[in-house]
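These are the residues of each chain, in order.
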Amino acid sequence: MTYTVDDTLKVLILGGDGFCGWPTALHLSAAGHTVAIADNFSRRKIDEELGTNSLTPIAPLKTRISVWENLTGKSILFDQIDVARDYERFLELIVNFRPDAIVHFAEQRAAPYSMKSAATKRYTVNNNTNATHNVLCALVDSGIDAHLVHLGTMGVYGYGWSGSMPVPEGYVQVKLIGKDTEMEREILHPANPGSVYHMSKTMDQLMFGFYAKNDGVRVTDLHQGIVWGTQTSETGLDERLINRFDYDGDYGTVLNRFLMQAAIGHPLTIYGSGRQTRAFIHIRDTVRCIELAILNPPEQGDKPSIFNQVTETHRLMDLAALVSELTDAKIDYLPNPRVEAAENELVVDNSKFLELGLNTTTLSEGLLTEIHDIAKKYLDRADISTILPTSFWRRQSLTRAKKTKVRVID
Ligand code: USQ
């Protein structure tokens, strides 16, 4: 069954206080859906643990929700739950709320954080896989046929595997060649994660496939690229609704980091060659994609529906050059703290969202300037000591990074 934009649904957002979750909650509430948030504030706690903070001053969730209610007359329900650990309470929540859709953002989402130490690797796997499994298990346990929309990642495919062939939306056709026979099959695209975080999302995929097949759970997995930007039309309505802006070496994603670095006069930090190509999406398109996914659920018994949630691809050195042209920022080539291909091609098939009517927001000078301006506005909150990477994929990278001199390109 497909819904129309006039249908109003009950949507439970897991991780609704985070960078993607909060703007999604507002977008869906503005569109008339009944929204409930479950969150354990782990993202705010990790800020404390790392001694970092959002560049933008984010209000406590209760304040955010009451400001939204005062502005729009629309209420958002909230329950503080750790989905990975409080199974019984989560079950009770879905039995009481009876959602039509659950949007699952409740995972540790930073690759560098997931690679910092044995403790963060274990936390990432324990949290992410348990959260996903608890949600699936609770859907079956409760008998509630809610559509599960999960925020996955382009990183499950890895980079460079298919060369210039477009990365398909989740599944590939393969030919199995035996001694005497050959057969064609459709399988999940081979998983090729580049960090423990990305690995946890590849494990999620297996759970989705199993529960869809065994129990008829309806799942959409969104393979999202790197998000840039910070504000949506809803979060921009009042400063107390403002979204997070992460710029530190663990949680800041590359383009937002470049824009913030330019704003404070720090050289742009390219890791390695800069010839890595990645997929990008603006936060405004993230929230639109989530709504499109909710309105277009798979049928019971279908395999998980997989969408590539990306709007464009760019080489990192080209992005840095663009930001540098706009702002006169210098560019630093740092030794790469990660283990990743120095260079890759990336062409992505995103036709499913385009067919559903997504009008993409692509990189434009206007938007880059808007984010640069936000970064400038909150400059006094910036802690420059958190910019350089402190997470290294291999122990020896740390030693190498200390020994190698940074090359500055004017
Ligand atoms: N990079 C730099 N300089 C920096 C930061 C990063 O050159 O200052 C490089 C990295 O080496 C990497 C690329 O930029 O090649 C992307 O790094 P990132 O930190 O922007 O993004 P990533 O670690 O891949 O993770 C982010 C989100 C994650 C999401 C993923 C989508 O944190 O939640 O799943 O983007 S994707 O990359 O498509 O898998």
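Summarised in this report is the structure supplied together with it. If you're wondering where the values come from, they're calculated on a predicted model, not measured in any experiment.

Of the regular secondary structure elements, the protein holds 13 helices and 15 strands. Rg of the C-alpha trace for the protein: 21 Å, near the compact-globule value of 22 Å for 410 residues, within the 12% margin. By residue count, 56% of the 410 residues in the protein fall in the buried class. Total accessible area on the protein stands at roughly 17600 Å², and carbon and sulfur atoms take up 50% of it.

Around the ligand, a shell composed of 23 residues is seen, among which R109, T153, Y197, T269 and E340 lie nearest. A distance of 2.7 Å separates an oxygen atom of the ligand from a polar atom in the backbone of V254. Note that an oxygen atom of the ligand is positioned 3.4 Å from one of the side-chain N or O atoms of R278. Summarising the interface, the protein chains cover 95% of the accessible area of the ligand, which totals 730 Å² for the free molecule. At the level of secondary structure, the elements contributing two or more residues to the shell around the ligand comprise α7 (196-215), α8 (254-264) and β10 (268-271). Top element by residues in the shell around the ligand is β10. It accounts for three residues. Partitioned by chemical class, the residues of the shell around the ligand number nine nonpolar, nine polar and five charged.

A few words on α8. Of all eleven residues in α8, ten are buried, a share of seventy percent or more. Buried within α8 are the following residues: V254, L255, N256, R257, F258, L259, M260, Q261, A262 and A263. Those residues of α8 that are buried lie in contact with β9 (226-228), β10, β11 (277-282), α10 (316-327) and α12 (365-377). Where α8 terminates, the next one or two residues include G265, which has phi positive at roughly 80 degrees.

Here we take up the packing of aromatic side chains. All chains considered together, the criterion is met by four aromatic pairs. Centre to centre, the rings of F210 and Y211 are 5.4 Å apart; their planes meet at 90 degrees, and the pair counts as edge-to-face. Residue F210 is classed as partly exposed on the basis of its relative accessible area, which comes to 42%. Considering the side-chain rings of F307 and F353, the 4.6 Å spacing of their centres and the 40 degrees angle between planes classify their relative orientation as tilted. Residue F307 is located in strand β12 (residues 305-309), and its partner F353 is located in helix α11 (residues 351-355); the two are separated by 46 residues in the primary sequence. For the pair F307 and F353, one class covers both residues: buried.

With their axes 10 Å apart at the nearest point, α8 and α10 run at an angle of 25 degrees to one another. With respect to each other, α8 and α10 are oriented roughly parallel. At the point where α8 passes α10, the crossing takes the right-handed sense. Two secondary-structure elements touch here, α8 through V254, L255, F258, L259 and A262 and α10 through L316, L319, A320, V323 and T327.

Tracing the chain through its elements places S66 in helix α3 (residues 61-72). When its relative accessible area of 33% is taken as the criterion, S66 is described as partly exposed. Taking the C-alpha atoms as reference points, S66 and R240, 174 residues apart in sequence, are found 9.8 Å from one another.

We now examine the sheet that holds strand β5 (residues 147-153). Within the open sheet, the seven strands sit side by side as β3-β2-β1-β4-β5-β8-β12. Their pairing is parallel. Either end of the sheet is taken by a strand with one partner, and the two such strands are β3 (76-80) and β12. For this sheet the average axis-to-axis angle between neighbouring strands, irrespective of direction, equals 20 degrees. Pairing of β5 with strand β8 (residues 219-224) involves six bridges; the strand directions are parallel. Across the sheet, V149 pairs through a bridge with T220, a residue of β8. Of the strands in this sheet, β2 (34-39) and β3 touch α3, which is tilted by about 170 degrees from β3.

By size, the foremost hydrophobic cluster in this structure holds 37 residues, and its most contacted members are V11, I13, L222 and I294. If you list the elements that add at least two residues to this core, you get β1 (10-14), α1 (21-30), β2, α3, β4 (101-104), β5 and α9 (283-295). In terms of residue count, α9 provides more of this core than any other element does, seven residues in total. Beyond its immediate chain neighbours, meaning those up to four positions away, I294 contacts Y3, L9, V11, L28, A101, V103, H147 and V149. By size, the runner-up hydrophobic cluster in this structure holds 31 residues, among which are M260, A263, F280 and I331.

The next thing to look at is unusual backbone geometry. A positive phi angle is found at F41, which is not glycine, with a value near 60 degrees. For F41, the location among the structural elements is in the loop between β2 and α2 (42-50). With a phi angle near 70 degrees, D328 is a residue other than glycine that sits in the positive phi range. The topology assignment puts D328 in the loop between α10 and β14 (331-334). Taking relative accessible area as the criterion, D328 reaches 71% and is therefore assigned exposed.

So, how was this worked out
- Residues numbered from 1 in each chain as written.
- Predicted model: local features only at pLDDT ≥ 70, side-chain atom pairs only at ≥ 80, totals over all residues.
- Heavy atoms only, no water.
- Helix = DSSP H or I, 4+ residues; strand = E, 2+ residues; numbered from the N terminus.
- Rg over C-alpha atoms; globule rule 2.2 N^0.38 Å.
- Buried < 20%, exposed > 50% of the residue type's maximum accessible area, 1.4 Å probe, protein only.
- Areas by Shrake-Rupley, 256 points an atom, 1.4 Å probe, with all protein chains shown as cover.
- Near = heavy atom within 4 Å.
- Polar contact = N/O pair within 3.5 Å; in protein donor to acceptor, adjacent residues only side chain to side chain.
- Nonpolar A, V, L, I, M, F, W, Y, C, P; charged D, E, K, R; others polar.
- Contact = heavy atoms within 4.5 Å.
- Phe/Tyr/Trp six-rings, centres within 6.5 Å; stacked < 30°, edge-to-face > 60°.
- Axes fitted to C-alpha atoms, helices over the stretch in contact; angles between N-to-C directions.
- Parallel < 35°, antiparallel > 145°, perpendicular 65-115°, else oblique.
- Left-handed = near helix turned anticlockwise from the far one by under 90°.
- Pairing = 2+ DSSP bridges.
- Core = buried A, V, L, I, M, F, W, Y, C linked by side-chain atoms within 4.5 Å.

That's the geometry; what it means functionally is another story.
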